[in-house]
Amino acid sequence: MGYRNNQVGYREDLLASRSIIRRGNFALIPPDGLVKNTVPGFEDCDLSILSSPKLGATFVDYLVTMLPNGRNTLGFGEEGVETFVYVLDGKVKISDGETEYVHTSGGYVYLPADKKMYLENINGANSELFLYKKRYEAIEGHTARNISGNTNDITPEEYEGMSDVLLTDLLPKDLGFDMNFHILSFKPGASHGYIETHVQEHGAYMLSGAGVYVLDNEWIPIEKGDYLFMGAYVPQATYAVGRGESFSYLYSKDCNRDAQI
């Protein structure tokens, strides 16, 4: 199985972890202690499953290190399941079997539920990916489509009128899409304007900086490389801390659909 950070053997201190797991509510998963998972189709890849229905999520998030020959030639996803990839570092070729995209850091691709995603590392060294899949909730008269872009080409918007909090939308605001991905970035000292409570779930990967997140009235330090799962209705907000570097994270959000009964 092994650990993603390849730290093995005895430590010089007591066994301890910053991990916090509240199934169905929220979870913090730091890099230390995160294990590698074997998933059919991924060749020469170190892959860790972050969120899944076993944690209480309706989606699955992955962190993937593609080694120099890393690839998925069987296809990621399945019938009825939409997929998304974000390139954290490196250079990767992404395909739906017909159309090919090449992306470096900040690049991303969304594929609708009738297509599989094929991945190939073309960096000559390791490439790092954030992967996502979710069963698509279709509605009559609307469909999703391939989306490819790079966050470096998108101008962020002020978040709810706050000049020190910036929001980048990665997918269209279109009823064909039942989810979206965003990057939220807080300058040191910035915060949410209020503690949010909502039906949407989030899976969030910390891209830079550090913050203190409140989840269900529990204040939790968090930093670059950490992963958060936030379940439906968990009260949530953050303050950015540190010096100089903004606290930024990539996160998913289900949207554009009514609640089911």
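Residues numbered from 1 in each chain as written. Predicted model: local features only at pLDDT ≥ 70, side-chain atom pairs only at ≥ 80, totals over all residues. Heavy atoms only, no water.

Trainee: Hey, could you run me through the pairing of strand S15 (residues 202-208) in this one?
Mentor: The side chains of a regular strand alternate between the sheet's two faces. Counting buried residues along S15, seven of its seven residues qualify, which places the element largely inside the surrounding structure. Judged from the four bridges that link them, S15 and strand S18 (residues 227-230) form a sheet pairing that is antiparallel. From the neighbouring strand, Tyr-205 faces S18, where its bridge partner is Tyr-227. In this sheet, strand S20 (residues 247-254) lies alongside S15 in antiparallel orientation, the contact comprising four bridges. From the neighbouring strand, Ala-204 faces S20, where its bridge partner is Tyr-251. (Buried < 20%, exposed > 50% of the residue type's maximum accessible area, 1.4 Å probe, protein only. Helix = DSSP H or I, 4+ residues; strand = E, 2+ residues; numbered from the N terminus. Pairing = 2+ DSSP bridges.)

Trainee: Explanation requested: unusual backbone geometry in the structure shown.
Mentor: Most of the time, phi is negative for any residue but glycine, and the peptide bond is trans. In the Ramachandran plot, Asp-216 falls in the positive-phi region, its phi being about 55° despite a non-glycine side chain. Mapped onto the fold, Asp-216 is located in the loop between strand S16 (210-215) and strand S17 (218-223). Judged by relative accessible area, Asp-216 falls into the partly exposed class, the value being 37%. One non-glycine residue, Asn-256, lies in the positive phi region at around 65°. Examined against the element boundaries, Asn-256 turns out to sit in the segment after S20. For Asn-256, a relative accessible area of 33% translates into the label partly exposed.

Trainee: Hey, could you run me through the UniProt feature "domain: Cupin type-2" (unreviewed entry) in the chain in this one?
Mentor: The positions that UniProt labels "domain: Cupin type-2" (unreviewed entry) are, in the present scheme, residues 184-242. Between the end C-alpha atoms of residues 184-242 the distance is 16 Å, and the span holds 0% helix and 54% strand. (UniProt positions renumbered as here; feature names shortened; annotations may be inferred.)

Trainee: I tried to follow the packing of aromatic side chains on my own but got confused; where do I start?
Mentor: Here a ring pair, both rings aromatic, is described through the centre-centre distance and the interplanar angle of the planes. Under the defined criterion, the tally for this structure stands at 16 aromatic pairs. The rings of Phe-59, Phe-84, Tyr-108, Phe-130, Tyr-132, Phe-181, Tyr-205 and Phe-229 are connected pair by pair, giving a single aromatic cluster. (Phe/Tyr/Trp six-rings, centres within 6.5 Å; stacked < 30°, edge-to-face > 60°.)

Trainee: How should I be thinking about the side chain of Thr-65 in this particular structure?
Mentor: Locating Thr-65 in the fold gives a position in strand S4 (residues 59-76). Since its relative accessible area comes to 7%, Thr-65 is described here as buried. Of note is the side chain of Thr-65, whose polar atom sits 2.8 Å from the side chain of Glu-128. (Polar contact = N/O pair within 3.5 Å; in protein donor to acceptor, adjacent residues only side chain to side chain.)

Trainee: Looking at this structure, how should I read the sheet that holds strand S13 (residues 162-169)?
Mentor: Read across the open sheet, the eight strands follow the order S1-S2-S18-S15-S20-S14-S13-S12; overall the sheet is antiparallel. The open sheet has two edge strands with one neighbour each: strand S1 (20-22) and strand S12 (157-159). For this sheet the average axis-to-axis angle between neighbouring strands, irrespective of direction, equals 25°. Judged from the four bridges that link them, strand S2 (residues 26-29) and S18 form a sheet pairing that is antiparallel. Paired with Ala-27 across the strands is Phe-229, a residue of S18. (Axes fitted to C-alpha atoms, helices over the stretch in contact; angles between N-to-C directions.)

Trainee: Help me out: how do you make sense of the pattern of salt bridges in this one?
Mentor: Side chains that differ in sign of charge can pair as their charged atoms come close. Tallied over the full model, the rule gives 13 salt bridges. For Glu-82, the salt bridge is made with Lys-134, and the minimal N-O distance between the two is 3.5 Å. Pair noted here: Glu-82 is in strand S5 (residues 81-89) and Lys-134 is in strand S10 (residues 127-135), with a separation of 52 residues, a long-range link. Grouping residues by exposure puts Glu-82 and Lys-134 together as buried. The residue Lys-93 makes a salt bridge to Glu-120 at a minimum N-O spacing of 3.3 Å. With a gap of 27 residues between them, Lys-93 in strand S6 (residues 91-95) and Glu-120 in strand S9 (residues 117-121) connect regions that are remote in the sequence. (Salt bridge = Lys/Arg side-chain N within 4 Å of Asp/Glu carboxyl O.)

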